[in-house]
Amino acid sequence: MDHFALRNGVLHVEDVPLPAIAEAVGTPVYVYSRATLVRHAQVFREGLSGLDDPHIAFAVKSNPNLAVLRVLAKEGFGADVVSGGELTRALAAGMKPDDVVFSGVGKTHAELVQGIEVGIGQFNIESEEEGHELSLIAQRRGVRVACALRVNPDVDARTHEKISTGKRENKFGVPLDRAASIYATLAEQPGLEMRGVAVHIGSQLGDLDPLETAFTKLGALIAELRANGQTVTHADLGGGLGVPYKKGETYPTPAEYGAMVARVTRDWGVRLSFEPGRVIAGNAGVLLTRVIRSKRSGNGPPFVIVDAAMNDLARPAMYGAWHDFDAVEPTGERMTAHIVGPICETGDTFAMDREIDALSAGDLAVFRTAGAYGATMASSYNSRGYVAEVLVDGDRFAVVADRIMPHSIMDAERVPEWL
Ligand SMILES: *Cc1c(COP(=O)(O)O)cnc(C)c1O
């Protein structure tokens, strides 16, 4: 069931027509569907039903909005966080500290302290150096903290290079061939309880094979660690499942993913954790925008200039990513156009030579699949302020992030008196 559908010719999110949101909140605005988030959470959990008590930690970086996190907390999800700020959000949204996993190559001293103080469930250590520092901090506080060692399996995830994380040359984890010796060293540190291993090879994966290769390597590592006398009770398989950004594309389903995991991990004898982000949030949101005007230059297709820009949705500018773009009230007429934002940079281009619904000044449209890595990557470039966010629930909706106006950002700036 699709919670983003045309009714009487008007695009709705659940039971709310998008023009009503544009009118009340203005544009551009991210609009999320609670029912879709819940459905994705349930489908993901069902996909893992062949496993014994899997732990699911939503990757907060994909959509850190407090209301979104609250929806997922209510579905029993924990959180995978990569900064102190995300940790604070996860707890504020009602996720239990014990259900929080802390990943990231550059956790600062203050962030390690914060994680210990709030009692998170697991640190995913990404280097021997980090492990030593964490142990010292824990020791000083008289505690031992549960840890997994993140390994870099040197697997090509076959995704965009900027979101590939499991190749030897990527900064993440420790090299697989050094993992056993680093694990042994860290297991001797008095502040650490080494209990498992972790991998995350990248995002927007369209193929299960690289994941299977990585998990198989992880399984061999677990066997090696145990043969060395180490304790391994947990394994974190990360996130990465891709989602369709183009109508008609197909991606591995959570059920196919879960079946592969069950097969590969059958003999591991560990509690498995998962860190899905995009697959939960991506298709649960759209970016609603209004056409400012169209302009022609030369003989080519017109530029349709919308009021959303690369500062609101960075993925096209950053990764050359595709987002389907549809009119909120399509007439059935089509046109070919370049879709651009107002920012003074050519990178502020959402699509070139795209066949789209015919649009003219004042019309509303959406960029689809904008619920993950959308609002969270927003900036205020060109002094445009920060985009607002709305959550729909049936026939009601609420602003879940205010639009931060340029003057509010300016309020935080100072001109020194000596200028
Ligand atoms: C980004 C990230 C995820 C989530 O990736 P998705 O592709 O959104 O599922 C999970 N784990 C770690 C460590 C990450 O960095």
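Residues numbered from 1 in each chain as written. Predicted model: local features only at pLDDT ≥ 70, side-chain atom pairs only at ≥ 80, totals over all residues. Heavy atoms only, no water.

1. Describing the overall build of the protein chain
What the protein chain contains, in helices and strands, is 12 helices and 21 strands. In summary, the protein chain has a C-alpha radius of gyration of 23 Å against a globular reference of 22 Å for 419 residues, a match within 12%. The buried share among the 419 residues of the protein chain stands at 55%. Residue pairs at least 24 apart in sequence account for 69% of intrachain contacts in the protein chain once pairs closer than 6 positions are excluded. (Helix = DSSP H or I, 4+ residues; strand = E, 2+ residues; numbered from the N terminus. Rg over C-alpha atoms; globule rule 2.2 N^0.38 Å. Buried < 20%, exposed > 50% of the residue type's maximum accessible area, 1.4 Å probe, protein only. Contact = heavy atoms within 4.5 Å.)

2. Things to note about helix α8 (residues 209–227)
The first and last C-alpha atoms of α8 sit 27 Å apart over 19 residues, in line with the 27 Å expected at 1.5 Å per residue. Of the residues making up α8, those classed as buried are Pro210, Leu211, Ala214, Phe215, Leu218, Gly219, Leu221, Ile222 and Leu225. Buried positions along α8 lie against β9 (145–152), α7 (176–187), β11 (192–198), β12 (234–236) and α9 (254–264). Looking one or two places after α8, you find Gly229, whose phi comes out positive at around 90°. (Expected span 1.5 Å × (residues − 1).)

3. Let's talk about the domain arrangement of the protein chain
Along its sequence, the protein chain is carved into domain 1 (4–31 + 282–411) and domain 2 (34–280). The C-alpha-based centres of domain 1 and domain 2 are spaced at 32 Å. Taking both sides of the interface into account, the surface hidden between domain 1 and domain 2 amounts to around 2,100 Å²; carbon and sulfur atoms contribute 53%. If you sort the residues of domain 1 by the area they bury against domain 2, Tyr319, Tyr373 and Leu391 come out on top, with a joint share of 27%. The tally of links from domain 1 across to domain 2 stands at two salt bridges. (Domains from an automatic or database assignment. Buried area = accessible area lost by both parts, 1.4 Å probe. Salt bridge = Lys/Arg side-chain N within 4 Å of Asp/Glu carboxyl O.)

4. What about the site of the ligand?
Near the ligand, the surroundings consist of 15 residues, among which Lys61, Ser203, Glu275, Arg278 and Tyr373 are the closest. A distance of 3.3 Å separates a nitrogen atom of the ligand from a polar side-chain atom of Asp80. Interatomic distance of 2.8 Å between a backbone N/O atom of Arg278 and an oxygen atom of the ligand. A total of 390 Å² of accessible area belongs to the ligand in isolation, and the protein chains cover 95% of it. (Near = heavy atom within 4 Å. Polar contact = N/O pair within 3.5 Å; in protein donor to acceptor, adjacent residues only side chain to side chain. Areas by Shrake-Rupley, 256 points an atom, 1.4 Å probe, with all protein chains shown as cover.)

5. Quick notes on the packing of α7 against α8
The relative placement of two packed helices comes down to the angle between their axes together with the axis-to-axis distance. Axis separation between α7 and α8 bottoms out at 10 Å; the angle between their running directions is 30°. Crossing angle aside, the handedness with which α7 passes α8 is right-handed. In this structure, α7 uses Leu176, Ala179, Ala180 and Tyr183 to contact α8, whose residues at the interface are Lys217, Leu221, Glu224 and Leu225. Classifying every residue of the contact of α7 with α8 by side-chain character gives six nonpolar, no polar and two charged. (Axes fitted to C-alpha atoms, helices over the stretch in contact; angles between N-to-C directions. Left-handed = near helix turned anticlockwise from the far one by under 90°. Nonpolar A, V, L, I, M, F, W, Y, C, P; charged D, E, K, R; others polar.)

6. Some words on the side chain of Glu111
For Glu111, the position within the fold is in helix α5 (residues 109–118). At 8.0 Å, Lys107 is the nearest oppositely charged side chain to Glu111, a buried residue that forms no salt bridge. (Lys, Arg positive; Asp, Glu negative; His and termini not counted.)

7. Brief notes about the sheet that holds strand β3 (residues 16–17)
What the three strands build is an open sheet, ordered β1-β2-β3; its pairing is antiparallel. At either end of the open sheet lies a strand with only one pairing partner, and these are β1 (4–7) and β3. Here strand β2 (residues 10–13) runs beside β3; their pairing, made up of two bridges, is antiparallel. In the strand pairing of β3, His12 is matched with Pro17. (Pairing = 2+ DSSP bridges.)

8. Overview of the pairing of strand β5 (residues 55–59)
Here β5 lies mainly inside the structure; five of its five residues are buried. Both faces of β5 are covered, namely the face carrying His55, Ala57 and Ala59 and the face carrying Ile56 and Phe58. Bridge count between β5 and strand β13 (residues 271–274): two bridges; the pairing is parallel. Residue Ile56 lies in a different strand from β13, and its bridge partner there is Phe274. Here three bridges tie β5 to strand β6 (residues 78–81), and the two strands are oriented parallel to one another.

9. A word on the UniProt feature "binding site: substrate" (unreviewed entry) in the protein chain
In the numbering used here, UniProt assigns the feature "binding site: substrate" (unreviewed entry) to Arg278, Arg315, Tyr319, Glu345 and Tyr373. Taking the farthest pair of C-alpha atoms as the criterion, the annotated set spanning 96 residues is dispersed, since that pair is 27.5 Å apart. Residue position: Arg278 is located in helix α10 (residues 278–281). Overall, Arg278 belongs to the buried group, its relative accessible area being 4%. Not counting chain neighbours up to four residues away, the residues in contact with Arg278 comprise Ser62, Ile163, Ser203, Gln204, Leu241, Val243, Tyr245, Asn283, Arg315, Ala372 and Tyr373. Mapping Arg315 onto the fold places it in helix α11 (residues 315–319). Taking relative accessible area as the criterion, Arg315 reaches 4% and is therefore assigned buried. (UniProt positions renumbered as here; feature names shortened; annotations may be inferred.)

10. What to know about the pairing of strand β21 (residues 396–401)
Two elements, strand β20 (residues 388–393) and β21, share five bridges in a ladder whose sense is antiparallel. For Val390, the partnering residue across the bridge sits in β21 and is Val399. If you look at the hairpin formed by β20 and β21, you'll find two residues sitting between the two strands, and Gly394 has a positive phi there, around 65°.

11. Some remarks on the nonpolar core
In terms of nonpolar packing, the biggest core is built from 102 residues, with Phe215, Leu237, Tyr257 and Trp268 touching the most fellow members. In terms of residue count, the dominant contributor to this core is α8 (seven residues). In this structure, this core is formed jointly by two domains, domain 1 (4–31 + 282–411) and domain 2 (34–280), each of which donates at least three residues. Not counting chain neighbours up to four residues away, the residues in contact with Trp268 comprise Phe215, Leu218, Gly219, Ile222, Arg226, Ala235 and Leu237. Within the second largest apolar cluster, 19 residues are counted, among which are Val16, Val29, Val366 and Val390. (Core = buried A, V, L, I, M, F, W, Y, C linked by side-chain atoms within 4.5 Å.)

12. Digging into the packing of helix α2 (residues 34–47) against α9
Direction vectors running N to C along α2 and α9 enclose 30°, while the axes themselves pass 7 Å from each other. When the interaxial angle is binned, α2 and α9 end up roughly parallel. In terms of crossing hand, the pair formed by α2 and α9 is right-handed. Between α2 and α9, the contacting residues are Val43, Phe44 and Gly47 on the first element and Pro254, Ala255, Tyr257, Gly258 and Ala259 on the second. Across the contact of α2 with α9, the residue classes break down as six nonpolar, two polar and no charged. (Parallel < 35°, antiparallel > 145°, perpendicular 65-115°, else oblique.)

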